[in-house]
Amino acid sequence: MKHLTLLIAFLMTIGSQVNAFDPADLQRLMDTKKCSRCSLTDTDLYRADLEGANMAGANMEGANMAGANLAGAYLRGANLVGTHLSGSNLEGAYLSIANLNRANLNGANLNDAYLRGANLEGADLEGAILKGANLIGANLTGANLSAALLEGADLNGARTNGSIFCNTIMPN
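About the cut-offs
- Residues numbered from 1 in each chain as written.
- Predicted model: local features only at pLDDT ≥ 70, side-chain atom pairs only at ≥ 80, totals over all residues.
- Heavy atoms only, no water.
- Salt bridge = Lys/Arg side-chain N within 4 Å of Asp/Glu carboxyl O.
- Helix = DSSP H or I, 4+ residues; strand = E, 2+ residues; numbered from the N terminus.
- Buried < 20%, exposed > 50% of the residue type's maximum accessible area, 1.4 Å probe, protein only.
- 1 Å grid on protein atoms, 1.4 Å probe; cavity = no way out; pocket = protein on both sides within 12 Å on 5 of 7 lines; lining within 4 Å.
- Points joined across faces, edges and corners; volume = space filled by probe spheres on them.
- Nonpolar A, V, L, I, M, F, W, Y, C, P; charged D, E, K, R; others polar.

Q: Any chance you could explain the pattern of salt bridges here in plain terms?
A: Opposite charge on two side chains makes pairing possible when the charged atoms of those side chains draw close. Tallied over the entire structure, the rule returns two salt bridges. The partner of Asp 25 in a salt bridge is Arg 28, and the shortest N-O contact between them spans 2.7 Å. In this pair, Asp 25 and Arg 28 both sit in helix α2 (residues 23-32), three residues apart, roughly one turn of the helix. By relative accessible area, Asp 25 is classed as buried at 10%. Owing to a relative accessible area of 37%, Arg 28 belongs among the partly exposed residues under this scheme. Between Asp 49 and Lys 33 there is a salt bridge; the shortest N-O distance is 3.9 Å. Pair noted here: Asp 49 is in the segment after α2 and Lys 33 is in the segment after α2, with a separation of 16 residues, a long-range link.

Q: I'm lost on empty space enclosed by the protein in this one. Help?
A: To find leftover empty space, a probe the size of one water molecule is rolled over the atoms. Scanning the entire structure with this criterion turns up one cavity of 30 Å³ or more. When the residues that make up the lining of the largest cavity are grouped by side-chain class, the tally is 10 nonpolar, no polar and no charged.

By themselves these figures say nothing about function.
Shown next, in the form of structure tokens:
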């Protein structure tokens, strides 16, 4: 029993260190718009201007980025699980192999975004604008795409099992 208690305490310590928010990372991002592989878990970036920022591989799980300007941002491989991105501007953003599982992208602008191989399982994309977006091989399983604009989007090889496409404007 004593060993089990020690093991649980050790695992909790490791888990909190891996996902811990780092204030220095946030300051670097705001100062330079560069924060590759940084830890911004649960950070409040509401309406932040991060146009063209490099956040490749960053951990932003659970962050509030609603209304943020992320146009042209480089988010390759970023962890955006459960991130609140409603109303954000991600036009031309590079989100290849990013994890957007359960992310709220309600009404987000994803025009010409590069989402090849991205995980959008269970994401809320209701009313999102994905005109010309590259979704080749993306995982959209269970995603809500109600009233989304997908005109000109490339969905080749995308997984859409259980996705909602009610009043969605589909690609040509």
